[in-house]
Amino acid sequence: MFKRIIALAVKEFLALLKDKKSRFVIIVPPLVQLFVFSYAATYDLNRVPYAVYNEDRGVAARNLLAGFQGSKNFRRVARIDRSGQIAPLIDRKQVLLVVHIGPQFSRDLALGRPAPLQLLVDGRNSNTAMLTLNYARDIVDHFNRRWSAAHQLAPPPVRLDIRAWFNPNLVSRWFIVPGIVGLLTLVVAIMVTSLSVAREREQGTFDQLLVTPLRPTEILIGKALPGFLIGLFEASLIMMAAVFWFAIPMRGRLLVLYLGLALFLLSVVGVGLMISSLSVTQQQGLLGAFLFTVPAIILSGFATPIANMPRAVQYLTLLNPLRYFMVVLRGVFLEGAPFSQLAHQLWPMALIGVTSLMLAGWLFRHRMY
Amino acid sequence: MTRPREPGAVVLEFRDVGKTFHAGKRAVVALRQVAFTLRPGGVTGLIGPDGAGKTTVMRLAAGLLAADAGQITVLGLDVARDALAVQAAIGYMPQRFGLYEDLTVQENLDLYADLQGVSHGERAQRYRELMHMTGLAPFTTRLAARLSGGMKQKLGLACTLVRAPRLLLLDEPTVGVDPVSRRELWRIIDRLVEQEGMSVLLSTAYLDEAERCGQVVLLHQGDVLQQGAPGALSERMAGRSYQVTAAGIKPRALQQRLAAAPGAIDAVIHGDGVRWVTDQPAPEGVLPPDARVTAAAPRFEDSFIALLQTLDGGRRIEGPMAGVAAAGVKAAPAAPVIEVRRAQRRFGDFYAVRDVSFDVAQGEVFGLLGANGAGKSTTFRMLCGLLPASAGSLRVAGVDLRHAAAAARARIGYMSQKFSLYGNLTVRQNLKFFSSAYNLTGKPREARIAWALEEFDLAAQAEAVSLDLPLGYKQRLALACALMHGPGILFLDEPTSGVDPLARREFWRRINRLAESGVTVMVTTHFMEEAEYCDRLAIMAAGEILALGAPAEIKARAASAANPTPSMEEAFIALIEAQPVEAA
Amino acid sequence: MTTSAARGGWRMRLRGLIRKEFRQIVRDPSSIAIAFLMPVALLLLFGYGISLDAEEVPVALVAPQPSAASASFTSAFYGSRYFAPRPMPDMAAAEAALMAGRVDGIIRLQGNFARRLEGGGSAPVQVIVNGVDANNARMISGYVQSTWANWLAQRAQAAGGELDMPVQVEPRIWFNGEMRSRNFLVPGLIAVIMTLIGALLTALVMAREWERGTMEALMVTPVAIREILLGKLIPYFVLGTGGMLLAVGMAVFLFDVPLRGSLWVLLICSSLFLLAALGMGLLISTIARNQFVAGQVAIIATFLPAFILSGFIFDIGSMPWALRGITHLIAARYFVAILQTVFLAGDVWPVILPNALALLLMAALFFGLVRRNSRKRLE
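Scoring rules and cut-offs
- Residues numbered from 1 in each chain as written.
- Chains lettered and ligands numbered in written order.
- Predicted model: local features only at pLDDT ≥ 70, side-chain atom pairs only at ≥ 80, totals over all residues.
- Heavy atoms only, no water.
- Pairing = 2+ DSSP bridges.
- Helix = DSSP H or I, 4+ residues; strand = E, 2+ residues; numbered from the N terminus.
- Axes fitted to C-alpha atoms, helices over the stretch in contact; angles between N-to-C directions.
- Contact = heavy atoms within 4.5 Å.
- Expected span 1.5 Å × (residues − 1).
- Buried < 20%, exposed > 50% of the residue type's maximum accessible area, 1.4 Å probe, protein only.
- Arc of directions from axis to C-beta.
- Left-handed = near helix turned anticlockwise from the far one by under 90°.
- Nonpolar A, V, L, I, M, F, W, Y, C, P; charged D, E, K, R; others polar.
- Salt bridge = Lys/Arg side-chain N within 4 Å of Asp/Glu carboxyl O.
- Patch = residues over 30% accessible without salt bridge, like charges linked within 9 Å, V, L, I, M, F, W, Y side chains within 5 Å.
- Areas by Shrake-Rupley, 256 points an atom, 1.4 Å probe, with all protein chains shown as cover.
- Domains from an automatic or database assignment.
- Buried area = accessible area lost by both parts, 1.4 Å probe.

> Lay out the sheet that holds strand S2 (residues 74–80) of chain A in plain terms, naming residues and giving numbers.
Spatially, 5 strands are ordered S2(A)-S1(A)-S3(A)-S4(A)-S5(C) in an open sheet, and the strand pairing comes out mixed. Only two strands of the sheet have a single neighbouring strand rather than two, namely S2 of chain A together with strand S5 (167–174) of chain C. Strand-to-strand twist of the sheet, defined as the mean angle between neighbouring strand axes without regard to direction, takes the value 25 degrees. In this sheet, S2(A) lies alongside strand S1 (residues 48–54) of chain A in parallel orientation, the contact comprising 6 bridges. Each residue of the ladder has a partner; that of A:Val52, found in S2(A), is A:Arg79. This element, helix H3 (residues 59–70) of chain A, spans S1, S2, strand S3 (97–101) and strand S4 (115–122) of chain A of the sheet and lies at about 165 degrees to S3(A).

> Lay out H3(A) in plain terms, naming residues and giving numbers.
Residues and elements named next belong to chain A. In this model, H3 (12 residues) spans 16 Å end to end at C-alpha, consistent with the 16 Å of a helix rising 1.5 Å per residue. Here H3 has its buried residues at Ala-60, Ala-61, Leu-64, Leu-65 and Phe-68. Buried residues in H3, looked at end-on, bunch into an arc of 130 degrees, giving them a common side. Opposite the packed face of H3, turned more than 90 degrees from it, sit the exposed residues Val-59, Arg-62 and Gly-70. Considering only its buried residues, H3 is in contact with S1, S2, S3, helix H5 (105–110), S4 and helix H6 (126–150).

> Outline the packing of helix H7 (residues 172–193) of chain A against helix H11 (residues 254–278) of chain A, listing residues and values.
Residue and element names in this part refer to chain A. Between H7 and H11, the shortest axis-to-axis distance is 8 Å and the interhelical angle comes to 40 degrees. The interaxial crossing formed by H7 with H11 has right-handed handedness. Residues Gly-182, Thr-185, Leu-186, Ala-189, Ile-190 and Thr-193 of H7 form the contact with H11, whose participating residues are Leu-261, Phe-264, Leu-265, Val-268, Val-269, Gly-272, Leu-273 and Ser-276. Residue composition of the contact of H7 with H11, by class: 9 nonpolar, 5 polar and no charged.

> An account of the pattern of salt bridges is needed here, citing residue identities and associated values.
Residue and element names in this part refer to chain A. The tally for this structure, following the rule as stated, stands at 46 salt bridges over all chains. As a salt-bridge pair, Arg-4 and Glu-218 come within 2.8 Å of each other at their nearest N and O atoms. Placement of Arg-4 in helix H1 (residues 2–17) and of Glu-218 in helix H10 (residues 216–244) is noted, with a sequence separation of 214 residues between them. Comparing Arg-4 with Glu-218 shows no difference in burial state: the two are buried. Asp-122 is paired through a salt bridge with Arg-124; the nearest N and O atoms lie 3.2 Å apart.

> Explain a nonpolar patch on the surface residue by residue, including any values.
Residue and element names in this part refer to chain C. Together, Trp-264, Ile-268, Trp-349 and Leu-353 make up a nonpolar patch on the protein surface, roughly 440 Å² of accessible area in all. Where the nonpolar patch is concerned, the elements lending two or more residues are helix H11 (263–288) and helix H15 (349–373). Classification of Ile-268 as partly exposed rests on a relative accessible area of 45%.

> Can you break down the domain arrangement of chain B residue by residue, with the values?
All names here are of chain B. Along its sequence, chain B is organised into domain 1 (12–228), domain 2 (236–312), domain 3 (338–411 + 488–577) and domain 4 (422–487). When each unit is reduced to the centre of its C-alpha atoms, the spacing between domain 1 and domain 3 is 33 Å. Taken together, the 11 residues of domain 1 in the interface contact 13 residues of domain 3. For the pair domain 1 and domain 3, the summed buried area comes to about 1,100 Å², and 64% of that belongs to carbon and sulfur atoms. The interface formed by domain 1 and domain 3 contains 1 salt bridge.

Here you go:
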């Protein structure tokens, strides 16, 4: 039995990797996408274009603006001197932020009165708007502290001391790149498995397979192995790139990570084979793969937190293996989470994997035309 | 309709045309210096085995491919320069008829009338003619997908005829179509030639059709071998064709004996004897004592086989095949190995197979004949345990498939339609995989692979990727894979479709040897002459068995005063025509 | 019959081809499902599913010695819709909760909070956020800061004075005052979803004709290749426009995204984008000639790039320059810019015109390539 499975797996590998084109499709795009997406997918803003509308000639105003000037997050693209110029700049997306200092600014400050600073932000992308505002607030806070200290003003009665754990500088790449590991592993494993049965059905070889003494379980294992191993190989490659190229910290135990990876692959390969054995033609397999992959990525917590989703959608994500793997990846990479903490993420993947594989095996023989 | 003046008396001319295809780094020469001419009127047959370049010729003539060398002239127009004008003047039916299956008959016609620029005024008249000619009038609102193969082919023809073309190109119009439809198609073609003065170029792999053509062009591996009237070609075989009958010996055994005789060119089972083409009609010790040898009229097929054999260098395969089915031979031949009782298979409310019952005995070659969609493949899939029956019982090797399909599977070999192999694996890799799948390991496995390479003449191709093999080799490899575990029962689903006549003969010789070794062979085919190789056969239509028995018995049932010795094809047509006509 | 007569009948031929395509669409509802059901389903799922607005963020509150002063401070968090505070007895429990992902942050008051506050000094409050999701962490710390600032202002007001803050930030958020992320995500989603649908609709249609052998039959008729292409484009354009209208309608009426620009600008730009998206699908289909390869390329080339590189969610301006260059190849990028502007800002021509022009160029490029790659030949 063991030998039969090996023979089947070897055949699957040969069929998959012998062809130069399909070898290329399996290996190259994921790696290219890792680099492109890792650099592209970031919530960190740099060089936010802003304009200055300074109606005040005082030194204080200049000092405050120097704070913006010195920040690598901001890039001044215009100085304006009429309020009429503000709207076109923002409308045309030439600037995201206009810093407006009123004519009374220095005088108010000197008299110890609160001096208002107007920040006009393009809210079309509310996320960038929020971040821009946060960056600007940090600069103003910094200015305030220095000013208070220099002028012996009373500090605010309560002061905040904010610290971020696991990612002190809040580099969003640390968050995104482990996510991309999951995303690409999913895409590769689905690509390898979701057509494997459908293609054999279309070419007629699946019948040939079914008339051999191979049992459905054996066919299942033989078909699952290539997706599993290729996924494992490619995920390892991508994780290496994450650690050595993108310098993402690897704080947890590799063993836990690989356990998570194995269970994740199990579930994805299961779903892929299920899609594949449900479909009669490759086209259906492709459509099925698509209909699974797209929601799986969007509802995985990769780009937007699951906690922000409505309750009903949150329940839906419980069926999504990528959701669990995302937590495992980020937990192990960034938090150094131990097995005990991730157990709750591991068993659902195992459950999804076993259920879908069983279903796929059943469908081999019972899905008829 | 005014026609441009005839530019000379040639409708189609190929002048030293060459065509090479490139697949990656490999270059495949499809045509080499092909030259022939077509005169107006009449049917010209483009005859050749699979891969000879027939379709390439058709596509070149239609301006769908550009020739690498030489010149093609259609109706006085240079195809290379004026493809659009050529396409406006000819009709072309590609191999798969070019129908939109999700449109109705009428909608397909409308589309092609729009594309051909037939004015709305002319249409009503033309449609009426075409519908009358093809007999599709009752089905105009039916989706093309729901037509039978023969009706699809007629609709495809009607679509190419919406504007009467002067030259009609038909690419293998009769492939996969039952004999009744084939005959009707020929009737239509003959009418077009006679009444509308059309010139027709028709490619086919059926050699008997060649004899219906006014002129044939023989194509082989990209070369034109011969061109001329079919009668003239078969004349050369005059005096070398014989009909041999012998009372005391099975036709199959007789055929093997005759094929092996020195000087023999061809031996096929025909009627109750063997048709023998040979240079030496009376060799020593070959003929059984009571054999009767009578001279027969030469056929086109004889000359074709003779020609191909001189080109390929025929190989001889004799004697029982070694290494197969030692298991079953001793068993009592009386017990049926396959028993089918009132088997039924429904798909929704459609009966693919309805109340089918038959038995197959040990060592028998049993054929299932019928047109596409007759229910052959469904019956087969049920017997192999690939498809559960909706009702009835099926027993294979004494095992009820309902309960122990897995146990039956170890004892059967299955070769599917299209020779399903793993295309991007090599021959050896395919063999390795199937031998492992059938539980062979270590030394026995190596030995078995060596046996397969040797027995099926695949040793030279062992490391070739199976997708690139010629069809005949694929067929041998598929058979080898199905025999890896020495099964007692062999299922062959259309094992010879698309394969050239030489490879077909060779294949049947192997099957005969298998049967001699005690293997039970069950085979489906739509080549009627192949039915003669079977010990017994069942003719299926619309999911039911119309006739069951030995070939001679079936032919006898169709015998009439007008035709006392019908061929299998004639018998088939007679049986089908006796059925009630399909309702609209 | 003469050649010129055959050439002149292009209207009849085109009409025939379009009618055929529509009939096929009606017979095989999968294209209709792709054009109408998919945008609705995806927009519903993602429109609700994707949100960057954190609400009721679970935070641990550690206040070892409760007092009136600390209660006043923590009540600001209890009253905020952004937070769902969970009181914890000590730091160890709070840290464990953070590690286990039960809370996203910790707000810790010192034991001497009340004393230092009343003593006129400055009481430190320690805030710890889980930085794994950097964006979320930044959002949360932003919420904490504004809650804190509000509390300070209220306290100062209650004391009858003004807040002792040298510079006071007065933010004005244009176009999206409440900072609803849905307002920018939904228009962006329309671009991503229509990229996908445009490609899926057309990616398989040419390949299908090749595979079923009908292309061969079409080609021997007097039909010109541009007629075949137009015959494909027009029906799917109509279908795609339907899907687009549906998506826009859902954005406005279901997701309450304000439409500040004019509808006709939106429609014209959508048409341009659809042309580009369909053109890309046709190109894939023309080159692949095989449904399997076409489908695979469509997956790789449409969804993920449109999702990540269009500026729909990740800011293009912050990407490294090389990647900014790559984004110019993504049609969705231009459409996202137009959509976000037309929906939220209005008809800002300096944004709309260059982006629309880029879409037009892309569409022209795709069709040029399609035209160049399809000849009336089978090779």
